[in-house]
Amino acid sequence: MLRKRGLGRALPKQETPDHLPAATGLERLDAQLGGGLPRGRVSEITGPESSGRTALVFSLLARATQRGEVAAYIDATDCLDPRSALAAGIVLDRLLWVRCESRERSRYEQLVLKQQPVDHAWQAANLVASAGGFGVIVIDLGGLSLRKQREWQRHQWIRLKQAIEHTSTALVTLSERRLVGSAAGLSLALSRSHAHWEGERGISLLLNGLAFEVNVARKLTVAEPRGLASGF
Amino acid sequence: MQPLFAVMQIPDFAAAVLIRGKRHSGALAVSTGEAPNQFVFSANEPARKGRIHEGMPLAEARSRFSFHGGGELKVLERDPEAEQRSQKQLLDVAQSATPRFEDSAPGLILLDFTGLREPHASALHLFNGAQQLGFEPNIAVSQNRFVALCATRTRSGLTHIYPGQEAGFLTVQPLDVLPLDEAERETLSRWGIRTVGELAKLSEDDLVERFGERGARMARLAKGEETALLKAYENPPELEEKQDFDWEVGEIEPLSFALSGMLEKLSFKLESHSLAVAKLKTVLKLANGDSFERTLELSYPLTDPRTLLTLARLDLSAHPPGAGIVGAAVAVVPTERRRTQFSLFAPDLPSPEKLAVTLARLGGLVGEERVGMPVAPDTHRPGTAAVATFVTKTQTSALEPTQQVLSPAPRPMFRCFRPPWTAKVISRGETPVYLDTEPVSGPITTRSGPWRVCGDWWTQAPWQYQEWDVEVESRLYRLCYELSTGKWCVTGAYD
């Protein structure tokens with residue numbers, strides 16, 4: 001009743017509608033996560049360079065776009081390689097690529113011209129999340145320096161989280177370390193195990209694969225409402 | 001109330017337009033195309049008697065006409081614009097006779113006279129109106145539109161086919177008046193059918209058995225029983241709005257106030273004609289006497305004036321005019337509205353209105369050329385990429401299993417460094433052994449290569465690289481050696 005009258009702000013949030021999770025394509029990981037990355041929440045994928053973060057995100061995007069969903073890639077460092085995306089199976093017609101400026105601004109530009117390059121990625125993510133209808137939104141902060149990553153404030157993540165709450169959008173961030181904090185519904189930490197080199201060393205060697213480990217660093221579970229008997 | 005139709009036809013319309021108001025009794029042909037590949041577009045009756053027909057090369061038509069003793073063939077060049085103007089004038093005449101009429105074809109107008117108190121006076125008014133324009137029209141009035149159409153083809157001047165006379169009129173008409181194709185005409189000719197009356201005597205079931213659905217229509221046409229709906233003509237809406245300002249406008253807010261009114265009017269006009277905006281053109285009259293013009297090509301047909309205003313505002317904010325504004329005009333290019341059958345099972349998609357505004361805002365934020373659909377470049381040059389206009393179909397569906405390209409396990413994907421990292425490399429022979437860049441530095445433990453890539457050798461700026469996949473401190477990079485400059489760089493990482 002309070003919600004109908006617009007007085008429900010103080011009440012606990014209503015649970016996210018029952019959307020199917022966004023499958024990553026890694027069977028064991030999907031099984032552990034209950035089907036994939038949660039929709040209506042922020043998931044973060046962290047790990048150092050060459051830990052398989054991009055491969056995991058591309059696999060997620062490939063499955064989403066091949067299902068008919070529209071996805072967005074907010075590229076804070078302008079690092080997307082369309083040829084790799086195509087090879088991963090992403091339907092490029094259904095991917096919106098926002099190429100933010102990769103160049104680091106000088107201190108003069110930041111102080112005098114009041115231009116903050118990280119703001120572009122933040123504003124772009126906010127615009128895309130507000131537009132609605134995107135199945136997956138990826139914010140790639142992978143190549144950003146630590147200083148630039150810290151420019152993302154905690155309230156910005158909370159605002160993004162609220163923009164996608166109760167929608168079927170899975171918002172995924174890709175970075176070197178955890179940035180989202182308490183706004184993250186899921187946090188996956190990736191670490192590289194080893195690279196597969198095929199062929200004979202010194203004569204003909206080919207990079208053929210990458211083995212990595214995924215550690216679920218944080219997973220927010222949905223608490224069942226009190227008073228309801230499970231299995232009813 | 002019995003229906004009543006009138007048909008107005010201008011015989012040899014293309015020629016009639018060119019000789020309006022002048023009498024010409026000799027053979028006349030209208031040509032089309034560029035010399036020397038000109039063809040006969042239409043020919044009048046004397047020319048047809050001289051074995052000239054439509055589609056014939058003009059040179060052949062001339063020689064054939066003179067060979068058969070027809071003398072000299074008068075040839076005029078077709079003027080499509082004049083035809084359009086004449087058709088518009090004829091439609092105006094038709095509108096003065098009845099509000100319901102159909103623009104059937106060039107030189108052919110079908111009018112609905114149902115309910116008119118004096119249909120004969122209206123037909124005469126129509127006849128006089130066309131004559132005043134310099135045409136010699138054939139006009140026929142009948143309760144059956146097909147009978148009236150046949151009458152204009154076979155009788156000149158003003159004809160009335162009174163109720164009950166339709167079948168009798170059609171009986172004596174040749175088969176040429178029926179819209180038949182060559183194969184049907186030939187079949188009927190083999191059967192010995194020469195007139196519409198003979199065709200009408202045949203059983204409809206037999207005609208259906210031989211010709212299918214067209215046989216049934218053929219029988220209805222021959223008996224004068226064919227009915228069809230009239231496609232009422234509507235004047236195309238004026239899709240331009242202008243406004244002059246009393247004072248010079250230098251900011252976007254007062255300008256958008258004026259644009260808002262104009263867009264609302266245009267949107268209302270379009271909605272009443274079930275159309276949408278495909279292109280939005282804004283022309284601003286500047287205080288220095290110049291004119292500033294912006295054209296927005298929309299990915300989706302839109303009608304919502306607020307969305308259109310937002311798009312126009314964002315565009316003008318990104319490309320401001322260089323001086324104060326003293327007048328504004330908005331014109332739109334219309335298109336068909338979207339017709340979408342949504343599915344309960346298809347995934348959610350962004351609404352076109354929101355997506356258009358979002359794309360415009362993103363374009364203003366990072367640059368229009370940096371937002372869109374990624375395009376795989378047709379080159380192997382490191383770092384190249386492009387975007388194309390992002391257009392989502394209103395209904396997308398999952399790919400067929402045969403089209404799906406999904407690897408069972410993720411492969412390492414490439415991340416480009418734009419611009420590439422400058423690197424110092426210690427090499428042994430041609431083989432790199434130590435990498436030193438700003439973010440990473442260390443011995444190369446594993447390497448694969450060299451892979452030689454080159455391109456643009458057919459231009460003034462050819463390029464040639466040797467690429468290595470290297471592992472440094474448990475990280476995988478692509479190392480490039482530019483052969484022309486002898487410099488090393490890291491173009492990306494595998495992740």
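Computed from a prediction, not measured in an experiment: that's the story for all the values here. (Residues numbered from 1 in each chain as written. Chains lettered and ligands numbered in written order. Predicted model: local features only at pLDDT ≥ 70, side-chain atom pairs only at ≥ 80, totals over all residues.)

1. Quick word on the overall build of chain A
And step 1. Helix and strand content of chain A: seven helices and seven strands.
And step 2. For chain A, the N- to C-terminal ordering of α and β elements is α-β-α-β-α-β-α-α-β-α-α-β-β-β.
And step 3. A total of 232 residues make up chain A; the buried ones form 50% of that total.
And step 4. In chain A, the proportion of contacts linking residues at least 24 apart, taken out of those at least 6 apart, comes to 70%. (Helix = DSSP H or I, 4+ residues; strand = E, 2+ residues; numbered from the N terminus. Buried ≥ 20, exposed ≤ 12 C-beta atoms within 10 Å, placed from the backbone. Contact = placed C-beta atoms within 7 Å.)

2. Structural notes on the environment of Ile139 of chain B
Residues and elements named next belong to chain B.
And step 1. Here Ile139 shows up in strand E7 (residues 138-142).
And step 2. Placed 129 residues apart in sequence, Ile139 and Ile10 show a C-alpha to C-alpha distance of 8.8 Å.
And step 3. Residues contacting Ile139, with those up to four places away along its chain left out, are Ala6, Val7, Met8, Ala123, Leu126, Phe127, Thr152 and Leu158.

3. Concerning the interface of chain A and chain B
And step 1. Every contact between the two is made by 61 residues of chain A and, on the other side, 52 residues of chain B.
And step 2. Sorting the residues of the side of chain A that touches chain B by element identifies helix H2 (53-66), helix H3 (82-88), strand E3 (95-99), helix H5 (117-131), strand E6 (184-200) and strand E7 (204-219) of chain A as the ones contributing at least two each.
And step 3. Top element by residues in the side of chain A that touches chain B is H2 of chain A. It accounts for nine residues.
And step 4. Tallied by class, residues from the side of chain A that touches chain B come to 29 nonpolar, 19 polar and 13 charged. (Nonpolar A, V, L, I, M, F, W, Y, C, P; charged D, E, K, R; others polar.)

4. Points about the packing of helix H12 (residues 252-272) of chain B against helix H13 (residues 305-318) of chain B
Residue and element names in this part refer to chain B.
And step 1. Running from N to C, H12 and H13 point in directions that differ by 140°, and their axes come no closer than 9 Å. The handedness of the crossing between H12 and H13 is right-handed. From H12, Ile252, Ser256, Leu259, Ser260, Leu263, Glu264 and Ser267 reach across to H13, where they touch Pro305, Leu308, Leu309, Ala312, Arg313, Leu316 and Ser317.
And step 2. By residue class, the composition of the contact of H12 with H13 is eight nonpolar, four polar and two charged. (Axes fitted to C-alpha atoms, helices over the stretch in contact; angles between N-to-C directions. Left-handed = near helix turned anticlockwise from the far one by under 90°.)

5. Some remarks on the sheet that holds strand E3 (residues 39-43) of chain B
All names here are of chain B.
And step 1. Strand order across the open sheet formed by three strands is E3-E2-E4, with mixed pairing between neighbours. The sheet terminates laterally at E3 and strand E4 (74-77), the two strands that pair on one side only. Across the sheet, the mean angle separating the axes of adjacent strands is 40° when strand polarity is ignored.
And step 2. Of the strand pairs in this sheet, strand E2 (residues 28-32) and E3 are connected by four bridges, and their pairing is antiparallel. What sits directly across from Thr32, in E3, is Phe39.
And step 3. Packed on one face of the sheet, helix H3 (residues 58-67) meets E2, E3 and E4 and runs near 60° to E3. (Pairing = 2+ DSSP bridges.)

6. A look at helix H11 (residues 213-222) of chain B
All names here are of chain B.
And step 1. Taken together, the buried positions of H11 are Met218, Ala219, Leu221 and Ala222. Within H11, the buried residues cover an arc of 160° as seen down the axis, which keeps them to one side.
And step 2. Residues of H11 that are buried sit in contact with helix H6 (145-154), helix H7 (166-171), helix H9 (196-200) and helix H10 (204-211).
And step 3. The first or second residue beyond H11 is Gly224, which carries a positive phi of 70°. (Arc of directions from axis to C-beta.)

7. Details of the nonpolar core
And step 1. The biggest cluster of nonpolar side chains holds 121 residues, and the ones touching the most others in it are Leu61, Ile74, Val98, Val136 and Ile137 of chain A.
And step 2. Composition of this core by domain shows at least three residues from each of domain 3 (240-336) and domain 4 (414-494) of chain B.
And step 3. Among all residues touching Leu61 of chain A, those that are not within four sequence positions of it are Ala71, Ile90, Leu95, Val136 and Val138 of chain A.
And step 4. Within the second largest apolar cluster, 57 residues are counted, among which are Leu4, Phe5, Ala16 and Ala94 of chain B. (Core = buried A, V, L, I, M, F, W, Y, C linked by C-beta atoms within 7 Å. Domains from an automatic or database assignment.)

8. Some remarks on the packing of helix H4 (residues 80-97) of chain B against helix H5 (residues 119-132) of chain B
All names here are of chain B.
And step 1. At a minimum axis distance of 9 Å, the contact between H4 and H5 shows a crossing angle of 155°. Considering their axes alone, H4 and H5 lie roughly antiparallel with respect to each other. Our pair here, H4 against H5, has a crossing hand that is right-handed. Here H4 contributes Leu90, Val93, Ala94, Ser96 and Ala97 to the contact with H5, which in turn contributes Ser122, His125, Leu126, Gly129 and Ala130.
And step 2. The residue inventory of the contact of H4 with H5, partitioned by class, reads six nonpolar, four polar and no charged. (Parallel < 35°, antiparallel > 145°, perpendicular 65-115°, else oblique.)

9. Structural notes on the sheet that holds strand E11 (residues 291-302) of chain B
Residues and elements named next belong to chain B.
And step 1. Read from one edge to the other, the open sheet built from four strands follows the order E9-E12-E10-E11, with strand pairing classed as antiparallel. Each edge of the sheet is formed by a strand with only one pairing partner; in this case those strands are strand E9 (240-249) and E11. Between one strand axis and the next, the sheet turns through 15° on average, direction left out of account.
And step 2. Two strands pair when backbone bridges link them, and strand E10 (residues 275-286) and strand E12 (residues 325-336) are joined in this way by eleven bridges, in the antiparallel orientation. Within E12, the residue paired with Leu280 across the bridge is Val332.
And step 3. Sheet contacts for H12: E9, E10 and E12; angle to E12, the most-contacted strand, approximately 30°.
And step 4. Contacts between H13 and the sheet are confined to E10 and E11, with E11 contributing the most and set at about 135° to the helix.

10. Some points on the pairing of E7 of chain B
Residues and elements named next belong to chain B.
And step 1. Counting buried positions along E7 yields five of five residues, so the element is predominantly enclosed.
And step 2. Burial of E7 is two-sided: the residues Asn138, Ala140 and Ser142 facing one way and the residues Ile139 and Val141 facing the other way are all buried.
And step 3. Bridging between strand E1 (residues 5-9) and E7 involves five bridges; their strand directions are antiparallel. Note on E7: the bridge partner recorded for Ala6 is Val141.
And step 4. Strand direction decides the pairing type here: E7 and strand E8 (residues 157-160), joined by four bridges, are parallel. When the bridges of E8 are listed, Ala140 appears paired with Thr159.

11. Regarding unusual backbone geometry
Residues and elements named next belong to chain B.
And step 1. Cis geometry marks the peptide bond from Arg418 to Pro419; its omega dihedral reads 0°.
And step 2. One can find Pro419 in strand E15 (residues 414-428).
And step 3. If you check the backbone angles, Ser274 has positive phi at about 55° while not being a glycine.
And step 4. Tracing the sequence through the fold places Ser274 in the loop between H12 and E10.

12. Comments concerning H6 of chain B
And step 1. By the criterion of burial, H6 of chain B is predominantly enclosed, with seven of the ten residues buried.
And step 2. Those residues of H6 of chain B lying buried are Arg145, Phe146, Val147, Ala148, Cys150, Ala151 and Thr152 of chain B.

13. Concerning the environment of Asp78 of chain A
And step 1. On the secondary structure map, Asp78 of chain A appears in the loop between strand E2 (71-75) and H3.
And step 2. As for Asp78 of chain A and Trp97 of chain A, which are separated by 19 residues in sequence, their C-alpha atoms are 9.4 Å apart.

14. A closer look at the pairing of E12 of chain B
And step 1. Relative to E12 of chain B, E9 of chain B runs antiparallel, the two being bridged by six bridges. The partner of Lys242 of chain B across the bridge, within E12 of chain B, is Ala329 of chain B.

15. As for the confidence of the model for chain A
Residues and elements named next belong to chain A.
And step 1. In the predicted model, chain A carries a mean pLDDT of 79, and the fraction of residues at 70 or more is 79%.
And step 2. No element of chain A has a lower mean pLDDT than helix H4 (residues 107-112), at 52, and none a higher one than E2, at 94.
And step 3. Confidence drops under a pLDDT of 50 for residues 223-232, and excluding neighbours within four residues, the segment shows one contact in the predicted structure. (pLDDT = per-residue confidence, 0-100.)

16. A short note on the confidence of the model for chain B
And step 1. On average, residues of chain B score 85 in pLDDT, and 96% of them reach the 70 mark or higher.
And step 2. Model confidence for the complex: the whole-complex pTM is 0.68, and ipTM, which rates the interface, is 0.84.

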